[in-house]
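# An overview of the molecular structure
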Amino acid sequence: MTQQIIREAPAPDPLEGQQTNAFFYVPAPNEPILNVNNIQGNILGGFNKDYQALLFLEIENPNAFKHWLKSQINFIATASEVIAFNRLFKSARQRRGREGTVKATWINVAFSFEGLKKLTNDADSFTDKSFKAGLAARAADLNDPVDNDGKPIGWVVGGPDNGKVDVVFIIASDERADLLAEVSRILESIVAFTDGKGNAKSSGAKITFLEEGANLPAPLTGHEHFGNLDGISQPGIRGRVADNPKDLLTPRQNPENKNQGKPGQDLLWPGEFVFGYEGQKDDAKKLEDSKGQVVSAGLHWANDGSYLVFRRLRQDVYKFHKFLNDIAADLDTDARKVSAKLIGRWPSGAPTVRTPEEDAPSLGDDDNANNDFEFNGDDPPKDNFFKNDVVPPSDDATGLRCPFIAHTRKTYPRNDKTPGGRVPNSDEIDIDRSEVTTQTHRLLRRGIPYGPVSPSTPNNPLQDPNFVDRGLHFLAYQTSIVEQFEFVTQFWANEPNFSEPAATNHKVGDKLPLGHDPIIGQSDNNKPGGDRTRKFFIHLEDDQNQPQTKELTAPEDWVIPTGGGYFFAPSISALKEVLTK
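The structure reproduced in this document is the subject of the present report. (Residues numbered from 1 in each chain as written. Predicted model: local features only at pLDDT ≥ 70, side-chain atom pairs only at ≥ 80, totals over all residues. Heavy atoms only, no water.)

### What to know about the overall build of the chain
- A tally of regular secondary structure across the chain gives 15 helices and 15 strands.
- In terms of its C-alpha atoms, the chain occupies a principal-axis envelope of roughly 80 × 60 × 55 Å.
- Classification of the 581 residues of the chain by burial places 58% in the buried group.
- For the chain, long-range pairs separated by at least 24 residues make up 71% of all intrachain contacts whose partners lie at least 6 apart in sequence.
- Counting every atom, the chain has about 23400 Å² of accessible surface; 47% of that belongs to carbon and sulfur.
- For the chain, the centre of its 65 positive side-chain charges and the centre of its 82 negative side-chain charges are spaced 4 Å apart. (Helix = DSSP H or I, 4+ residues; strand = E, 2+ residues; numbered from the N terminus. Buried < 20%, exposed > 50% of the residue type's maximum accessible area, 1.4 Å probe, protein only. Contact = heavy atoms within 4.5 Å. Areas by Shrake-Rupley, 256 points an atom, 1.4 Å probe, with all protein chains shown as cover. Lys, Arg positive; Asp, Glu negative; His and termini not counted. Charge placed at Lys NZ, Arg CZ, Asp CG, Glu CD.)

Structure (structure tokens):
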């Protein structure tokens, strides 16, 4: 088994009485008890498996499909099962010093709006307009490449010409053999379904698309195909998994801030990710006082469910690495440093805010340090230079350590000044309000790479002799596709001027150092023949330790959408009492 780098807070041991570190047991009696026996497991617990497959189905006969789906409900993993397993897995790994002592195979399911309409007559009561429209219909507004009619180009799943995707099953396992066995079981049950008496029945479903993903092998374990450690910055979630006020979903590991899990991991109310619980209050004065109203999807049976966004993102590793290498030669520096400035983290995961000019693997591997920083505020440079391994609090209001365009800063601006912090009837930007509104746009990411590893590296770009399809299965849970996934994509990643409030007073010449997110940001010239050029500023020190600030031009995309969909992951009770009736 490959070693998986886990990127979330270590959980308590299964038996409270054996836990000697009382620091994990900060009580939170006022936080809600989460219905973990009813919530699907990948939403809050996270599967965190080395192997995963996505199976997409079209519902051809709704009545027959309901009978088949009913036979699968007992295989659907709950949050209680996944959380308990994750605790046992980590405890056993810590004690034995290796993985493989315990293993599991998990299944979750989600439905598109069109799929739900085939199973229930009240699906139109869902209030999220983007969920009901579907990702393919929203592609043009997300700046995905589309044809002259607005249809996405080059999709292999979820597009109007790829067959219908009414249902997606997520199957995940610690071992590939176990994954394939479970996928085979599901496929066999679809094509050769029988009732309890052994009589052949139609499953009512047609297989549309099936694809595996996997954690990359060493030395890229835990990384995505460009070579960067992935999944580091996840939101903490308030809430208890039992009546015990100390049994928290997100353990509290920062003695300096009771409103964080790990240092730098702000705690959010669970209604941001699961329906039926309090969410964030977007007009709160302070983040610590931001408990809002219970979040509803528009139907009572949708409680304990969540929206799931799936994006199949192909990565052109050679083109990205060649760009890094060319820029590095031009700026007299290392290609990995250019990459770090575009990402906001070094390949190890170490944040450039804390170590701006060289990688620090020990920092990147420390989950209680690699996320402990903010953006607004400054550790001032001395003679235009920065020290590395900055101890927290580490800040970077100037954008010199972590450029305003860096992927991690564009997709999660933390306490940066943002348009959301604008004081009503004023041009003033309130920092606290900025951070409060930023936290209403977070995502629970559950992605995994697909495709073989590239031989290319930033310092030695290599092109595959033949086309190779590799990339990321981006998966994210939320309770508003409009205000979470689409907001981040449209108004942060794709918007060159998004960081203008933060970058004001930090001009380079006569320009603000802004631009697209260089990794996932897309130009709005998305019709055939459109200019996909993107521009963005970076700052670094060259090999002679001289500071360099330069506007870069990327002539083409390195991350290309090739499929996807918007889905709803219902509760176990909704599967039993609504969708199979």
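### As for the pattern of salt bridges
- Taken as a whole and judged by the stated rule, the model has 32 salt bridges.
- Among the salt bridges present, the one from Arg336 reaches Asp334, with a minimum N-O distance of 3.1 Å.
- Several salt bridges converge on common partners, so that one network encompasses Glu31, Arg238 and Arg252. (Salt bridge = Lys/Arg side-chain N within 4 Å of Asp/Glu carboxyl O.)

### Focus: the environment of Glu495
- Inspection of the secondary structure puts Glu495 in the loop between helix H13 (485–493) and helix H14 (500–503).
- Excluding residues that lie within four positions of it along the chain, Glu495 makes contacts with Lys410, Gln490 and Gly515.

### Thoughts on the nonpolar core
- Phe65, Phe111, Phe126, Phe169 and Leu342 are the most contacted members of the largest nonpolar core, which has 77 residues in total.
- Among the elements that make up this core, the one with the highest residue count is helix H8 (residues 317–331) (seven residues).
- Leu44, Phe89, Leu475 and Phe567 belong to the second largest nonpolar core, which has 37 residues in total. (Core = buried A, V, L, I, M, F, W, Y, C linked by side-chain atoms within 4.5 Å.)

### Some thoughts on the side chain of Lys337
- Its location among the elements puts Lys337 in helix H9 (residues 335–343).
- When its relative accessible area of 9% is taken as the criterion, Lys337 is described as buried.
- Among the polar contacts made by the side chain of Lys337, one reaches the side chain of Glu357 at a distance of 3.1 Å.
- Aside from chain neighbours lying at most four places away, what touches Lys337 is Trp346, Glu357, Leu540 and Glu541. (Polar contact = N/O pair within 3.5 Å; in protein donor to acceptor, adjacent residues only side chain to side chain.)

### Description of H13
- The element H13 is largely enclosed, with a buried count of seven among its nine residues.
- Along H13, the residues classified as buried are Phe485, Glu486, Phe487, Val488, Thr489, Trp492 and Ala493.

### As for the packing of H8 against H9
- One can describe the packing of H8 onto H9 by two numbers: an axis separation of 8 Å at closest approach and a directional angle of 110°. Comparing their axes, H9 and H8 come out roughly perpendicular. Along this stretch, H8 crosses H9, giving a crossing that reads as right-handed. Taking contact as the criterion, the partners of Phe320, Phe323, Leu324, Asn325, Ile327 and Ala328 in H8 are, on H9, Ala335, Val338, Ser339 and Leu342.
- Per-class residue counts for the contact of H8 with H9 are eight nonpolar, two polar and no charged. (Axes fitted to C-alpha atoms, helices over the stretch in contact; angles between N-to-C directions. Parallel < 35°, antiparallel > 145°, perpendicular 65-115°, else oblique. Left-handed = near helix turned anticlockwise from the far one by under 90°. Nonpolar A, V, L, I, M, F, W, Y, C, P; charged D, E, K, R; others polar.)

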